[in-house]
Amino acid sequence: MIRESAVTREEKLVIIDFEYCSYNYRGFDVANHFCEWMYDYTFDKYPKFSYNPAAMPSVEQQVSLSAIDVKQ
């Protein structure tokens, strides 16, 4: 998206993450958040990410963090 009201060149281009821009089923974003814990996107070799299943939060962590989200 190009922002016409931008003052500087850096403000002109707006990146939109279409992965999260629409309605999803209940809990989709929460579940995806926990799945993202397993990925490292700073990996130098192809495919430029690494996957570590051991980094998945425990059920206790998931319940605890989900309870915090519900309270907010």
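Caption draft 1: Representation of the overall build of the protein chain within the structure. Secondary structure assignment for the protein chain yields three helices and two strands. Going from N to C terminus, the protein chain has its helices and strands arranged as α-α-β-β-α. A total of 72 residues make up the protein chain; the buried ones form 7% of that total. Summarising the internal contacts of the protein chain: among those between residues at least 6 apart in sequence, 16% fall at separations of at least 24. Entry remark: accessible area of the protein chain is about 6700 Å², with carbon and sulfur atoms responsible for 59%.

Quick notes on the rules
- Here the residue numbering is sequential within each chain, running from 1 through the sequence in written order.
- Thresholds applied to this predicted model are a pLDDT of at least 70 for local features of residues and 80 or more for the giving and counting of side-chain atom pairs; totals over whole chains, interfaces and linings are not thresholded and use all residues.
- Side-chain numbers here rest on the full set of heavy atoms in the structure, without hydrogens or water.
- Strands are runs of DSSP state E lasting at least two residues, helices are runs of H or I lasting at least four, and both sets are numbered from the N terminus onward.
- Burial classification: accessible surface area is computed with a 1.4 Å probe over protein chains only, and a residue below 20% of its type maximum counts as buried, one above 50% as exposed, and the rest as partly exposed.
- Two residues qualify as a contact provided that any one of their heavy atoms is within 4.5 Å of a heavy atom in the partner residue.
- Computed with the Shrake-Rupley method and a 1.4 Å probe, the accessible areas treat only the protein chains shown as cover for residues.

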